[in-house]
Amino acid sequence: MQAEMERRKHLGRRCTCDSVFSTKIVCGDCGGFYGPKVWNSNQPYRKVIWRCNEKYHGEKKCETPHITEDEMKRRFLTAFNTLMGNREELLENCRLAQKTLCDCAALDLEIENLRREQEAAAELARQAIHDNARLALRGADDQGCLQRYTGITEQLTGLEAQREMRKEKGRVLGKFNHDIRNQPLVLEEFDEKLWTAIVDHVNVFQDGQMRFWFKDSTGISI
């Protein structure tokens, strides 16, 4: 659950609902999240449905339908059991993705080389500033050295961000592999922990069709 809370923090949108479905269901019209709405709240027929939070906020009303939690649970079971139809191939593809898409060896080497260049550029900049200060000058040498140092630093920041993204993707795929490996081939009851662990998000479309996106990037329409 801690990993799920961290994921929600990085979505960039406020979330006050603690349901396992929160920030997981996405409107196929506007891309907004679905949220819970209560119908007949003070009556015996009280019912909770999920609907696009932005349905009436845009220039055009979203035409995607509301759904119930029971319906989402049923659809998830169908999508999961479809996913598990060829589990061994799924796990092998997951391992291959980890090996190819998440490999950081080339990035590590490039970052190491750039750090050496950064250190050299920093030393040249310090020397140029010292020499110009000693001579009471403000020349182009120190500016050129500082610009080179800044350019290298920006490259490093970008490469380190790429590396962290690859590592995070590797962690996600590794956990997905682990979570899938020990599950039954046919799931008969909704499992909140499994839902949270393996579902990235679900798109809901106008015709009522849902597309489940799992954390290994597999998409299944139900």
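Remember, it's a predicted structure, so these values are computed and weren't measured experimentally.

Enquirer: Residues and numbers for helix α2 (residues 69–83), please.
Expert: The end-to-end C-alpha separation of α2 is 21 Å, in line with the 21 Å expected for 15 residues at 1.5 Å each. Buried within α2 are the following residues: Met72, Arg75, Phe76, Leu77, Ala79, Phe80 and Leu83.

Enquirer: Can you tell me about the side chain of glutamine 118, naming the residues and giving the values?
Expert: Along the chain, the position of glutamine 118 falls in helix α4 (residues 105–134). Residue classification places glutamine 118 among the buried residues on the basis of a relative accessible area of 17%. Residues within four places of glutamine 118 in sequence aside, it is in contact with Tyr149, Ile152, Thr153 and Leu156.

Enquirer: Outline the pairing of strand β4 (residues 199–204), listing residues and values.
Expert: Of the strand pairs in this sheet, strand β1 (residues 25–27) and β4 are connected by three bridges, and their pairing is parallel. Across the sheet, residue isoleucine 25 finds its bridge partner in β4, namely valine 202. Relative to strand β5 (residues 210–214), β4 runs antiparallel, the two sharing five bridges. Within β5, the residue paired with valine 199 across the bridge is phenylalanine 214.

Enquirer: Residue-level account of the sheet that holds β5, with values.
Expert: Strands sit in the order β1-β4-β5-β6 across an open sheet of four strands; the sheet is mixed. This sheet does not close on itself; its edge strands, each paired only once, are β1 and β6 (219–221). Across the sheet, the mean angle from the axis of one strand to that of its neighbour is 25°, orientation sign disregarded. Inspection of the sheet shows β5 paired to β6 by three bridges, in the antiparallel sense. What sits directly across from tryptophan 213, in β6, is glycine 219. Strand contacts of α2: β1, β4, β5 and β6, with the helix running at about 55° to β5, the strand carrying the most contacts.

Enquirer: Can you tell me about the nonpolar core, naming the residues and giving the values?
Expert: The biggest cluster of nonpolar side chains holds 37 residues, and the ones touching the most others in it are Met72, Phe76, Ile180, Trp195, Ile198, Phe212 and Phe214. For this core, the element with the most residues is α2, which contributes six residues. Ignoring anything within four residues of it in the chain, the contact list for tryptophan 195 reads Val20, Phe21, Lys24, Met72, Phe76, Phe190, Val202 and Phe212. Leu107, Ile111, Leu114 and Ala121 belong to the second-largest nonpolar core, a separate cluster that totals seven residues.

Enquirer: Lay out the state of the cysteines in plain terms, naming residues and giving numbers.
Expert: The full count for this structure, using the stated rule, is zero disulfides. Cysteine 30 provides the cysteine sulfur closest to cysteine 62, a residue in no disulfide bond, and the two sulfurs are 3.6 Å apart. We classify cysteine 62 as buried; its relative accessible area is 5%. Considering cysteine sulfurs only, cysteine 104 is the nearest to cysteine 102, which forms no disulfide, with 7.5 Å between them. Taking the relative accessible area as the measure of exposure, cysteine 102 reaches 11% and is therefore buried.

Enquirer: Before we move on, could you go through the packing of aromatic side chains and cite the residues and values that matter?
Expert: Summed over the entire model, instances satisfying the criterion amount to seven aromatic pairs. Taking 5.4 Å as the distance between ring centres and 80° as the angle between the ring planes, the aromatic pair formed by phenylalanine 76 and tryptophan 195 counts as edge-to-face. With phenylalanine 76 in helix α2 and tryptophan 195 in helix α6 (residues 192–198), this residue pair connects regions lying 119 residues apart in the sequence. One aromatic cluster is present, built from ring pairs that chain together Phe21, Trp50, Phe76, Phe80, Phe190 and Trp195. Positioned above the aromatic ring of tryptophan 213, the side-chain terminus of arginine 211 is 4.7 Å from the ring centre.

What counts as what
- Residues numbered from 1 in each chain as written.
- Predicted model: local features only at pLDDT ≥ 70, side-chain atom pairs only at ≥ 80, totals over all residues.
- Heavy atoms only, no water.
- Helix = DSSP H or I, 4+ residues; strand = E, 2+ residues; numbered from the N terminus.
- Expected span 1.5 Å × (residues − 1).
- Buried < 20%, exposed > 50% of the residue type's maximum accessible area, 1.4 Å probe, protein only.
- Contact = heavy atoms within 4.5 Å.
- Pairing = 2+ DSSP bridges.
- Axes fitted to C-alpha atoms, helices over the stretch in contact; angles between N-to-C directions.
- Core = buried A, V, L, I, M, F, W, Y, C linked by side-chain atoms within 4.5 Å.
- Disulfide = S-S within 2.5 Å.
- Phe/Tyr/Trp six-rings, centres within 6.5 Å; stacked < 30°, edge-to-face > 60°.
- Lys NZ or Arg CZ within 6 Å of the ring centre and 35° of its normal.

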